[in-house]
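Here are the chains, one letter per residue:
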Amino acid sequence: MQGAYTDILSRIDEPPAWFDDNGVPRYGPFSPDMVTCIHANEIVLIRIECQGCQTSFDVAMTVPRASQPLKDGPDAPMLRDYIAQRALHYGDPPNILCCDPGPSMNSIPRVVLEYWFRPVAMGYGLGCHWPRRVDDDGVPYAPSTALLNPRYAMNFQRDPAMEGIDLTPDWAV
Ligand SMILES: [Zn+2]
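My aim in this report is to walk through the structure given alongside it, one point at a time. Model, not experiment: these values are computed from the prediction.

Re the environment of valine 44
Relative to the helices and strands, valine 44 is located in strand 3 (residues 42-50). For the pair valine 44 and tryptophan 116, spaced 72 residues apart in the sequence, the C-alpha separation amounts to 6.2 Å. Those residues in contact with valine 44, other than ones at most four positions away along the chain, are Met61, Leu79, Ile83, Val112, Glu114 and Tyr115.

Description of the pairing of strand 4 (residues 56-61)
Bridge count for strand 3 against strand 4 is 6 bridges, and the pairing is antiparallel. Bridge assignment links valine 44 to a residue of strand 4, and that residue is methionine 61. Count of turn residues in the strand 3/strand 4 antiparallel hairpin: 5 residues, of which glutamine 54 carries a positive phi of about 70°.

Examining the pairing of strand 5 (residues 107-117)
Strand direction decides the pairing type here: strand 3 and strand 5, joined by 9 bridges, are antiparallel. Bridge assignment links isoleucine 43 to a residue of strand 5, and that residue is tryptophan 116. Of the pairings in the sheet, the one linking strand 5 to strand 6 (residues 157-158) comprises 2 bridges and is antiparallel in character. The partner of phenylalanine 117 across the bridge, within strand 6, is glutamine 157.

Concerning unusual backbone geometry
One can expect most non-glycine residues to show negative phi and most peptide bonds to be in trans. Phi is positive for tyrosine 5, close to 50°, though the residue is something other than glycine. Examined against the element boundaries, tyrosine 5 turns out to sit in the segment before helix 1 (6-11). Taking the C-beta count within 10 Å as the criterion, tyrosine 5 has 17 such neighbours and is therefore assigned partly exposed. Of note in this structure, glutamine 54 is not a glycine but carries a positive phi near 70°. Within the secondary structure layout, glutamine 54 lies in the loop between strand 3 and strand 4. Overall, the presence of 10 C-beta atoms within 10 Å leaves glutamine 54 in the exposed class.

Here's the deal with the environment of valine 111
One can find valine 111 in strand 5. Owing to 15 C-beta atoms within 10 Å, valine 111 belongs among the partly exposed residues under this scheme. Each residue touching valine 111, except ones within four places of it in the same chain, is listed here: Ile46, Arg47, Gly164, Ile165, Asp166 and Leu167.

About the thresholds
- Residues numbered from 1 in each chain as written.
- Predicted model: local features only at pLDDT ≥ 70, side-chain atom pairs only at ≥ 80, totals over all residues.
- Helix = DSSP H or I, 4+ residues; strand = E, 2+ residues; numbered from the N terminus.
- Contact = placed C-beta atoms within 7 Å.
- Pairing = 2+ DSSP bridges.
- Buried ≥ 20, exposed ≤ 12 C-beta atoms within 10 Å, placed from the backbone.

Function-wise, these values are silent; they only describe arrangement.
Here it is, written out as structure tokens:
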């Protein structure tokens, strides 16, 4: 169960726009600068549903969580690996009392809305001895040639190829 934040919810007379990586209701537009984990190398905004009442929530994640281990992939899997394998798991939905059991219900991950990453997390902008992440065929990820400039390696870059991906796990189909 997540924190309730009733003090915030009771003072703002509109529904939250999204919930940050601590499950805190947020009311402005989502931006990678708005999450609380300043060390995050990846940020994903996904839509989930309360398993009890189907209320949908847009929630940010900065750390991968999965209900079971990934089938394969790199040693240090990133959020993008969990997305690709539809293994991302959010857990208890934000605690807004959407339904009586809601805060202690599970949630169903539905779709990736936004995906952001720091190119440095993929090896860009680091020394030439740092390995870049490669796909199964050994081809390095190439998010954008502009990112080969190390100056931008720490700046969040949006990857539309990771967005719109259906996250619905097999158990919820
Ligand atoms: Zn609910």
